[in-house]
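# Survey of secondary and tertiary structure
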Amino acid sequence: MYAPPSFRVQDQAELRAMIARLRFATLAVNGPEGPVAAHLPLIIEPGRQDALVGHVARANPIVPLLRQRPAALACFVGPHAYVTPSWYASKREHAKVVPTWNYVAVQARGRIEPVAEPEALRAIVAALTDALEAARPEPWAVDDAPADFIAGMLKGIFGFRLVIAGLEGSAKLSQNRPEADRAGVAEGLAGSPLETDRTIAALMREERR
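Criteria and thresholds
- Residues numbered from 1 in each chain as written.
- Predicted model: local features only at pLDDT ≥ 70, side-chain atom pairs only at ≥ 80, totals over all residues.
- Heavy atoms only, no water.
- Axes fitted to C-alpha atoms, helices over the stretch in contact; angles between N-to-C directions.
- Helix = DSSP H or I, 4+ residues; strand = E, 2+ residues; numbered from the N terminus.
- Left-handed = near helix turned anticlockwise from the far one by under 90°.
- Contact = heavy atoms within 4.5 Å.
- Nonpolar A, V, L, I, M, F, W, Y, C, P; charged D, E, K, R; others polar.
- Salt bridge = Lys/Arg side-chain N within 4 Å of Asp/Glu carboxyl O.
- Patch = residues over 30% accessible without salt bridge, like charges linked within 9 Å, V, L, I, M, F, W, Y side chains within 5 Å.
- Areas by Shrake-Rupley, 256 points an atom, 1.4 Å probe, with all protein chains shown as cover.
- Lys, Arg positive; Asp, Glu negative; His and termini not counted.
- Charge placed at Lys NZ, Arg CZ, Asp CG, Glu CD.
- Expected span 1.5 Å × (residues − 1).
- Buried < 20%, exposed > 50% of the residue type's maximum accessible area, 1.4 Å probe, protein only.
- Arc of directions from axis to C-beta.
- Pairing = 2+ DSSP bridges.
- Polar contact = N/O pair within 3.5 Å; in protein donor to acceptor, adjacent residues only side chain to side chain.

### Focus: the packing of helix H6 (residues 179-190) against helix H7 (residues 195-207)
- Relative orientation of the contacting elements H6 and H7 amounts to 145°, with a least axis distance of 7 Å. Regarding H6 and H7, the two cross each other, and that crossing is left-handed. Contacts between H6 and H7 involve Arg 182, Val 185, Ala 186, Glu 187, Leu 189 and Ala 190 from the former and Asp 197, Arg 198, Ile 200, Ala 201, Met 204, Arg 205 and Glu 207 from the latter.
- In the contact of H6 with H7, the residues fall into 7 nonpolar, no polar and 6 charged.

### Things to note about the pattern of salt bridges
- The tally for this structure, following the rule as stated, stands at 7 salt bridges.
- With a shortest N-O distance of 3.6 Å, Glu 113 and Arg 161 are connected by a salt bridge. Of this pair, Glu 113 sits in strand S7 (residues 100-115) while Arg 161 sits in strand S8 (residues 157-172), placing them 48 residues apart in sequence.
- For Glu 133, the salt bridge identified is with Arg 136, shortest N-O distance 3.5 Å.

### A word on a negative patch on the surface
- On the surface, Asp 11, Glu 14, Glu 206 and Glu 207 cluster together into a patch of negative charge.
- Its place among the elements puts Glu 206 in helix H7.

### Let's talk about H6
- Spanning 12 residues, H6 covers 16 Å between terminal C-alpha atoms, matching the ideal 16 Å at 1.5 Å per step.
- Among the structural elements, strand S6 (71-83), helix H3 (89-93), S7 and H7 are those in contact with the buried residues of H6.

### Focus: H7
- Here H7 is 13 residues long and its end C-alpha atoms lie 18 Å apart, about the 18 Å a rise of 1.5 Å per residue gives.
- Turning to H7, its buried residues number three or more, namely Asp 197, Ile 200, Ala 201 and Met 204. Angular distribution of buried residues about the axis of H7 spans 105°; they occupy a single face of the element. For H7, the exposed residues lying more than 90 degrees away from the buried face are Glu 195 and Glu 206.
- Contacts from the buried residues of H7 go to S6, S7 and H6.

### Points about the pairing of S6
- Sheet topology note: the strand S2 (residues 24-31)/S6 ladder contains 4 bridges and is antiparallel. Bridging across to S6, Thr 26 finds its partner in Cys 75.
- As paired strands, S6 and S7 are joined by 11 bridges and run antiparallel to one another. The residue of S7 that forms the bridge with His 80 is Tyr 103.

### A word on the side chain of Asp 197
- By the element assignment, Asp 197 lies in helix H7.
- At a separation of 2.8 Å, a polar atom in the side chain of Asp 197 contacts the side chain of Ser 192.
- Excluding anything up to four places from it in sequence, Asp 197 contacts His 80, Ala 81, Leu 189 and Ser 192.

These figures come from the coordinates and say nothing about function on their own.
See below:
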């Protein structure tokens, strides 16, 4: 990941917390004809800090590649926003400014381990469900569905873990700009009709504290 020092996130606990917030990833592996990707939720495996877990439909064309235990890259991309130079105070001073894009992202590299044993696969599904339902007032749990129904559904998915060899992150929030420029960007994004823009504005203001 290209992440200049101003934006780089190196704290491993913070990177794992970012993954827990972002949750949805693009998983990419190399195939005979080039890269193949799948888009899916991934979480840090409960009880350990060095692996992500998830599953895809068995019909997904990435499955034959995952069975081969390949090296893989999981990319989590969070809120992002276009930044117009019109928000910069320095535009009014010297006009030597250009547009950019603010964003939050994490990359996890590692090797795939298939998870085929039914109880282990069910544990992955239950862990994903619990993580994604946690904030709901009445969380749904795997045990809420009939056991034979869940057993049938498990036959249609392929589970895996990605054993993490490295985590990298970037939180590009205009840290390289003068304070007046950063304040202008935060104000501009906060007034946007786009929710992602407003989220970036909130992150920028939190970063400045």
